[in-house]
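Structural characterization, general
For reference, the chains in residue letters:
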Amino acid sequence: MELQQFLRILWEDYLQLSPQVRQIVFWLRARGEQIENDHIALRSFGKISIGGESIDLGIGLLAQVFCNWGYESKENYVFSEKKLRAKHFEHPDKKLPKIFISELESEKLSQESQVILTKVCSEINVNEFQDPLMLKSGRRWDLSFADYIQLSKESEYAAWLCAFGFRPNHFTISINHLNSFKSLEELNTFILSKGIALNQSGGEIKGSASEGLEQSSTLAANVELQFSDIRVNIPSCYFEFAKRYTMANGELFQGFLEKSADRI
């Protein structure tokens, strides 16, 4: 499988969970826009203790899939409030999207939530990640709605990961590659005019030109999901928008802002 084919597969899987994304893309293409993804975000469990043994189901496991295609490790990030760590990866071909992979610091959650995570992760075979398509394999374990609610009380991240499994959490439109919008604010106004809600936590636009990056995102739309005991509507994936600015060295800022990502 070639990298471009794999990225298309991830994109199609993402669209299946994000009907509003497909609609936004349709509206933009109707204006003559070509959609370029700034980055793709994936979530992981981090290190989990199973039967007294520490199993690494974190960044390194998922990243190897992309590193095999030439992606290189860049910056590390810490989100203390959300109990997460993250790293981003870039390909020498700058036309390819960056990859942002995060992992849960499960040891910082309650014992009750850790028990749920251990049960979930005990059903994961690390060796299966030799196949890149594991990153769109979805949920491969049983999860009750009660367990989802318990995780949600402490970590939206953990609840989403356990509910939806291994698949992209979000893709990100590069504003720099759009022609009919001069700013992120203009795109946000367009999205809102179509009846799509945006995430207002920490302000509609996170970051600033002086910091090198501005970001905004839709609110995750609800989708109907089957749990082991009931079928329920829960938030799925959101769509992110990013504009990058030129730094003092004349190059576009390529990293991420911890305080912004913490609010998206």
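Let me begin by describing the structure that accompanies this report. Residues take numbers from 1 onward in each chain, read along the sequence in its written order. This being a predicted model, a pLDDT of at least 70 is required before a residue's local features are given, and a value of 80 or more before pairs of side-chain atoms are given or counted; all residues contribute to the totals for chains, interfaces and linings. By convention in this description, side-chain values take in all heavy atoms of the structure and omit both hydrogens and water.

**Let's talk about helix H7 (residues 184-193)**
Among the residues of H7, those classed as buried are Leu-184, Leu-187, Asn-188, Phe-190 and Ile-191. Buried residues of H7 fall within an arc of 160 degrees about the axis and therefore sit on the same side. In this structure, H7 carries Glu-185 and Ser-193 as exposed residues pointing more than 90 degrees from its buried face. Phi for Gly-195, located one or two positions after H7, is positive at around 85 degrees. Any residue under 20% of the maximum accessible area for its type is buried, any over 50% is exposed, and the rest in between are partly exposed; the area is computed with a 1.4 Å probe on protein chains only. Helical segments are the DSSP runs of H or I of at least four residues, strand segments are the runs of E of at least two, and each set is numbered from the N terminus. Each direction from the helix axis to a C-beta atom contributes to the arc, which is the arc of those directions.

**Section: the environment of Tyr-14**
Structurally, Tyr-14 can be placed in helix H1 (residues 3-17). Tyr-14 gets classed as buried once you look at its relative accessible area, which sits at 0%. Residues Tyr-14 and Asn-169 lie 155 residues apart in sequence; the distance between their C-alpha atoms is 7.6 Å.

**Focus: the pattern of salt bridges**
What makes a salt bridge here is a side-chain nitrogen of Lys or Arg within 4 Å of a carboxyl oxygen of Asp or Glu, nothing more. Across all of its chains, the model carries 13 salt bridges by this definition. Of the charged contacts in the structure, one is a salt bridge between Lys-108 and Glu-105, with a shortest N-O distance of 3.2 Å. The partly exposed category is assigned to Lys-108, whose relative accessible area is 44%. Between Arg-231 and Glu-224 there is a salt bridge whose closest N-O contact spans 2.9 Å. Take Arg-231: its relative accessible area is 45%, and that puts it in the partly exposed class. Residue classification places Glu-224 among the partly exposed positions, given a relative accessible area of 47%. Salt bridges linked by common partners bring Arg-85, Glu-103, Glu-105 and Lys-108 together as one network.

**Regarding the packing of helix H4 (residues 111-121) against helix H5 (residues 145-154)**
Their axes nearest at 10 Å, the elements H4 and H5 cross at an angle of 125 degrees. Compared by their axis directions, H4 and H5 come out oblique. Considering only the axes of H4 and H5, their crossing is left-handed. In contact with Glu-112, Ser-113, Ile-116, Leu-117 and Lys-119 of H4, H5 contributes Asp-147, Gln-150, Leu-151 and Glu-154. Here the contact of H4 with H5 is composed, by residue class, of 3 nonpolar, 2 polar and 4 charged. Fitted lines through C-alpha atoms give the axes, limited to the stretch in contact for helices. The angle between two N-to-C directions lies from 0 to 180 degrees. An angle counts as roughly parallel when it lies under 35 degrees, as roughly antiparallel when it exceeds 145, as roughly perpendicular when it falls between 65 and 115, and as oblique in every other case. Left-handed describes a crossing whose near helix is turned anticlockwise from the far helix by less than a right angle; the clockwise case is right-handed. Every residue pair with non-hydrogen atoms within 4.5 Å of one another is taken to be in contact. Residue classes follow a fixed rule: Ala, Val, Leu, Ile, Met, Phe, Trp, Tyr, Cys and Pro count as nonpolar, while Asp, Glu, Lys and Arg count as charged, and any other residue, Gly among them, counts as polar.

**A look at the environment of Gln-130**
Relative to the elements of secondary structure, Gln-130 occurs in the loop between H4 and H5. Judged by relative accessible area, which is 70%, Gln-130 ranks as exposed. Residues Gln-130 and Tyr-157 lie 27 residues apart in sequence; the distance between their C-alpha atoms is 25 Å.

**Side note on the pairing of strand S4 (residues 72-79)**
Successive side chains on a regular strand alternate, one facing one side of the sheet and the next facing the other. Direction of pairing for S4 relative to strand S5 (residues 84-90): antiparallel, over a ladder of 6 bridges. Considered in S5, the bridge of Tyr-77 is made with Ala-86. Hairpin connection between S4 and S5: a loop of 4 residues separates the two successive antiparallel strands, and Lys-83 in this loop has a positive phi of roughly 60 degrees. Strand pairing requires that DSSP identify at least two bridges connecting the strands.

**Focus on the sheet that holds strand S8 (residues 206-208)**
Spatially, the 8 strands line up as an open sheet ordered S4-S5-S6-S1-S7-S12-S9-S8, and their pairing is mixed. Strand pairing shows two members of the sheet lacking a second neighbour, S4 and S8, which therefore form its edges. Strand after strand, the sheet turns through a mean of 20 degrees between neighbouring axes, direction not considered. Bridge count between strand S1 (residues 37-44) and strand S7 (residues 168-174): 4 bridges; the pairing is antiparallel. Each bridged residue has a counterpart across the sheet, and for Leu-42 the counterpart in S7 is Pro-168.

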